[in-house]
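Okay, here's what each chain looks like letter by letter:
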Amino acid sequence: QVQLVESGGGLVQAGGSLRLSCTTSGSVFSINTMGWYRQAPGNQRELVASISNGGSTNYGDSVKGRFTVSRDDAKNTVYLQMNSLRPEDTAVYYCHAIIRPLSVLLPRDFWGKGTLVTVSS
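Bear in mind the structure is a predicted one, so any value in this text is a computation, not a measurement.

### Here's the deal with the state of the cysteines
Next, step 1: According to the stated counting rule, one finds one disulfide in the structure shown.
Next, step 2: Disulfide pairing places C22 opposite C95 at an S-S distance of 2.0 Å. A torsion of -85° about the S-S bond marks the disulfide between C22 and C95 as left-handed. One end of the pair, C22, is in strand 3 (residues 18-25); the other, C95, is in strand 9 (residues 91-101), with 73 residues separating them in the sequence.
Next, step 3: Look at C22 and you get buried, because its relative accessible area is 0%.
Next, step 4: Using a relative accessible area of 0% as the deciding quantity, one classes C95 as buried.

What follows is the structure, encoded as structure tokens:
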């Protein structure tokens, strides 16, 4: 059974940095886009950053220039380096990937359970 497992969340002061990781477990035939979304209390889930299997990246406007998404295909892992963190970055961060599991014909969306990032002022 394919699962996404996030790690690296926590409490950090404004201006600080955190690195999130998301590892894919289970039998995978292929992984397409991987990335991160976030949801703050009372807000809708929004795109933070994504990276295609060709390495093309896409960022939400509020994180451009501060966050960097990367992936290690040998480890089926996606990372999010977050610098110059602001209190408004406080949210639950969810890993997302489009994966074709082994023995399944079509790829579909997978989500992690989320990791909390809290930025204090």
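### A look at the pairing of strand 3
Next, step 1: Pairing geometry for strand 1 (residues 3-7) and strand 3, over five bridges, is antiparallel. Bridge pairing links E6 to C22 in strand 3.

### A short note on the pattern of salt bridges
Next, step 1: All told, the structure shown has five salt bridges when counted by the stated rule.
Next, step 2: One salt bridge in this structure joins D61 and K64, with 3.1 Å as the shortest N-O distance.
Next, step 3: Assessed through its relative accessible area of 65%, D61 is described here as exposed.
Next, step 4: Linked through salt bridges whose partners overlap, the residues forming this network are R38, E46, R66 and D89.

### A short note on the sheet that holds strand 8 (residues 77-82)
Strand pairing in a sheet is mediated by backbone hydrogen bonds. Such pairs are either parallel or antiparallel.
Next, step 1: Spatially, the four strands line up as an open sheet ordered 1-3-8-7, and their pairing is antiparallel. Each edge of the open sheet carries a strand with a single partner, namely strand 1 and strand 7 (67-72). Averaged over all neighbouring strand pairs, the angle between strand axes comes to 15°, with direction disregarded.
Next, step 2: Across six bridges, the pairing between strand 3 and strand 8 is antiparallel. Across the sheet, T23 pairs through a bridge with T77, a residue of strand 8.

The rules behind the values
- Residues numbered from 1 in each chain as written.
- Predicted model: local features only at pLDDT ≥ 70, side-chain atom pairs only at ≥ 80, totals over all residues.
- Heavy atoms only, no water.
- Disulfide = S-S within 2.5 Å.
- Helix = DSSP H or I, 4+ residues; strand = E, 2+ residues; numbered from the N terminus.
- Buried < 20%, exposed > 50% of the residue type's maximum accessible area, 1.4 Å probe, protein only.
- Pairing = 2+ DSSP bridges.
- Salt bridge = Lys/Arg side-chain N within 4 Å of Asp/Glu carboxyl O.
- Axes fitted to C-alpha atoms, helices over the stretch in contact; angles between N-to-C directions.

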